[in-house]
Amino acid sequence: MTAELDDLKRDMRSAQLVEWIVTNKQTLAAVVAVVVIALLASSLWVARSKAQREAAATIYYQATAVSDPLKRKALLETVVHDYSRTGYAPLSLFQLVSLDSDKAPEYLKELLDSSAPRELKWQARLDLAEHLIASGNQAKAEAYLKADVGQEYAQLRWYLRAQIATDDAGRREALQKALDASSNDADLKKRIQRTLAALSVAG
């Protein structure tokens, strides 16, 4: 009797399952369709991303191999505009900064708005501040020098802050902080030491 009852229960469960499937077949079909579409879309996105990266890499390395600055600039701008979501776009922007000094601030701002790694953004922020200081826009430069940067960029940040200081005391303080920071640039460190020594003599 126990075995027969178990068989009966299984048959009832099977019947209920079949009935539920028949009742909800449209919903099940829709769910299956959504899953299939999601899988297809995901595979297409992965394939497209891979193709984009490969195309960006090809154009970027073509640009680095070209000796003509105008052709190099055109290729790098293609990477920036057509493949902005790849890692080659920030690299191209840095190359463009050195190729076109007039448009350098524009490229650097674009780099700051990109998805570049934070280290590249730190460098871009300092480079932009340096351009602004050179063009006499100390107030705008100060805005880019307020936020902290990584330890390896701190010396340059304090050196630039010394350049926009409004008095000798502020200049000395910034230069001393620059001198105390980790140094990755021997020439910059010597420049800081000379400037600080000159201020001490003048003071």
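Above this text sits the structure in question.
What you are looking at is a predicted structure, and each value in this text was computed from that prediction instead of being measured.

**Details of the overall build of the protein**
A tally of regular secondary structure across the protein gives 10 helices and zero strands. Tracing the protein from N to C terminus, the helices and strands come up as α-α-α-α-α-α-α-α-α-α. Across the protein, contacts joining residues at least 24 apart in sequence account for 45% of those joining residues at least 6 apart.

**A few points about helix α3 (residues 69-82)**
Think of an α-helix as 3.6 residues a turn; residues three or four steps apart then line up on the same face. Spanning 14 residues, α3 covers 20 Å between terminal C-alpha atoms, matching the ideal 20 Å at 1.5 Å per step. Lys-73, Leu-76, Glu-77, Val-79 and Val-80 are the residues of α3 that are buried. Taken down its axis, α3 places every buried residue within 155 degrees of arc, on the same side. Of the exposed residues in α3, those oriented more than 90 degrees away from the buried face are Leu-70, Lys-71 and His-81. Its side-chain oxygen 3.0 Å from the backbone nitrogen of Leu-70, Asp-68 forms the N-cap of α3.

**Overview of the pattern of salt bridges**
Close approach of charged atoms lets side chains of opposite charge pair. Scanning all chains against the criterion turns up six salt bridges. One salt bridge in this structure joins Asp-148 and Arg-157, with 3.2 Å as the shortest N-O distance. Accessibility expressed as a relative area gives 59% for Asp-148, which makes it exposed. Lys-177 is paired through a salt bridge with Glu-173; the nearest N and O atoms lie 3.5 Å apart. Here Lys-177 pairs with Glu-173, and both are found in helix α9 (residues 168-180), just four residues apart, close to one helical turn. Taking relative accessible area as the criterion, Lys-177 reaches 35% and is therefore assigned partly exposed.

Parameters and conventions
Residues numbered from 1 in each chain as written. Predicted model: local features only at pLDDT ≥ 70, side-chain atom pairs only at ≥ 80, totals over all residues. Heavy atoms only, no water. Helix = DSSP H or I, 4+ residues; strand = E, 2+ residues; numbered from the N terminus. Contact = heavy atoms within 4.5 Å. Expected span 1.5 Å × (residues − 1). Buried < 20%, exposed > 50% of the residue type's maximum accessible area, 1.4 Å probe, protein only. Arc of directions from axis to C-beta. Polar contact = N/O pair within 3.5 Å; in protein donor to acceptor, adjacent residues only side chain to side chain. Salt bridge = Lys/Arg side-chain N within 4 Å of Asp/Glu carboxyl O.

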